[in-house]
Amino acid sequence: SQFGLVILLMGMLTGVQICVALQAAVIEGAGRLDLASRAQLVGPAFVSGTLVINLLSNSTIETWHFISILAAGALVDMLLLFLVRRNLALPLHVKGLRANYWRGVLNLLRSGGILQAASLLNLFLEPANKLILGSYSGVAAVAVYDLAMKVIWGIQHLFGAVMRVFLHIGNEDRRAVGKSFAKAIVLLAVPAVAMHIFGILFLYWVGRIWVKIDASSLMFFFGVASVSNLVMILITPLYISLVGRGEWNFIFKLHVLLAVANLSLSMLLVPVFGLVGSGFGLLVATVVNGLAIYNRCVVERQAILIEGDVLRGVCRRVVMSLGLLVAALLWSVFEGGGWFGLMVITLGLSVLIYREPLLMRLIDFFLSRAK
C-alpha cells in the first residue's frame, strides 16, 4: 500500500544525492578535497543517530520512514556543501564558454562515459550473482550474501575514498609509481586487515545475537570475501593511477573481465558449493584483475623493494594481523573461546594497531589541531 510513496521518496533521495555529488565535485575540483569530505560527515552521523534512537526506543519503523531518514541525511549534506561552495565562491556553471573549451568538455564526457559504462557492469553484476545464488541455494543464502557484502563494500569504500589522493601518480615515472605503491602498502595493509576483523565481530553480533541465524555460512563466505577485498584494496592505488593516466579503454576491458570471470565462476561453483562458491568466484576474478592492473602499471619492482627493512616490518605485521583474522573467523564459527577468546583477539588487535604509522599520523594530526 505504501509502494508508490516509497518510490517517490527514493526518487527524491536520488535527486538530492546527485546534487550532493555535483557540489562535492566542484569543491574537489578547486583542490579542497578536505572540505568536501568534512561536509559529508554530518549527514551519515545524523542518519545513524536517528536509527539508533529508533532501535533503543523500540519504535516501529516503516520502509518510507527509513527512506525519509536517508533523504534527510542527504539534505543535510547538500546544505553544508552549498555553504562551503558559497564561501569558496565556486559557481555551478561556466560564464562565457569559449569555443576552445569544447574540446576539453568532449574529452571529459568521453572519459566519464567510459567510466560510467564500466560502472554499469558492476550495477548488473550484483543482481546477477544474487539471481544465481537464489536459484541454487535459496533466498536465505541471498540474504546472508547481501549482509556480508554490505560490510565488504563499506570497507572497500572507506579505503577507496582515501586512495583518491593517488590520482597524481598516474603521470609519474615507474620508480615514482613503485615508491607511492610501497607507501600505500606500508600505511594501509594492516589497517585494512584490522577493519575486516572488526567486520567479523560485527557480523557475528548481527548473525548470532540480533538476527539469530546460523552464522557458519556467513562467516565462511565473509572470510573468503575478505581475502578478495584485501587484494582489491591493496591494488587500488595502481588502479587509481590508471584513471589518472587516462587508460579508459583498459579500465573498461578490466571491468568486463571482472564481470565475465565472476559470473562464469559463480555459475560453475555455486551449484556445488553454494554461498562459499560465490565467494571463491569473486576471489579468483579479483586476483586476475589485480594481476592485470599490476602488469599494466609496469611498476618498477626495485623501487618497491628499496625500503627493504620497512617492508619486512610491514610483512611481519601483516602476517600477524592475518593470523588474528583467521583466529576471529574460527572463534566466530566454533565459539570455542567464548569471552576469553574474544578478549585475546581484541587485545592482540589493539597491540598490533597501536604503533601503526597511519594511526600515529592521525593522532599527531588531531593533537596538533587541538593545540
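So, here is what we can say about the structure in this document. These figures come from a predicted structure and were not determined experimentally.

**Side note on the packing of aromatic side chains**
Part 1 of the reasoning: Counted by the stated rule, this structure contains 3 aromatic pairs.
Part 2 of the reasoning: Here the aromatic rings of Phe 202 and Trp 205 are separated by 6.2 Å at their centres, their planes lie at 40°, and the arrangement is tilted. On the criterion of helical spacing, the pair formed by Phe 202 and Trp 205 is a turn pair, its members being 3 residues apart in helix 7 (residues 174-210).
Part 3 of the reasoning: Residue classification places Phe 202 among the partly exposed positions, given a relative accessible area of 41%.
Part 4 of the reasoning: Residue classification places Trp 205 among the partly exposed residues on the basis of a relative accessible area of 36%.
Part 5 of the reasoning: Ring geometry for Tyr 204 versus Trp 331: centroids 4.6 Å apart, planes at 50°, classification tilted. Of this pair, Tyr 204 sits in helix 7 while Trp 331 sits in helix 12 (residues 308-334), and the two are 127 residues apart along the sequence.
Part 6 of the reasoning: Residue Tyr 204 is classed as buried on the basis of its relative accessible area of 11%.

**Some details on helix 13 (residues 338-354)**
Part 1 of the reasoning: Counted at 1.5 Å a residue, the expected span for helix 13 with its 17 residues is 24 Å, and the 24 Å between its end C-alpha atoms agrees.
Part 2 of the reasoning: Residues of helix 13 that are buried: Gly 341, Leu 342, Ile 345, Leu 349 and Leu 352. Taken end-on, helix 13 shows its buried residues confined to a sector of 100°, consistent with a single buried face. What points out from helix 13, more than 90 degrees from its buried face, is the exposed set Trp 339, Phe 340, Met 343, Leu 347, Val 351 and Tyr 354.

Parameters and conventions
- Residues numbered from 1 in each chain as written.
- Predicted model: local features only at pLDDT ≥ 70, side-chain atom pairs only at ≥ 80, totals over all residues.
- Heavy atoms only, no water.
- Phe/Tyr/Trp six-rings, centres within 6.5 Å; stacked < 30°, edge-to-face > 60°.
- Helix = DSSP H or I, 4+ residues; strand = E, 2+ residues; numbered from the N terminus.
- Buried < 20%, exposed > 50% of the residue type's maximum accessible area, 1.4 Å probe, protein only.
- Expected span 1.5 Å × (residues − 1).
- Arc of directions from axis to C-beta.

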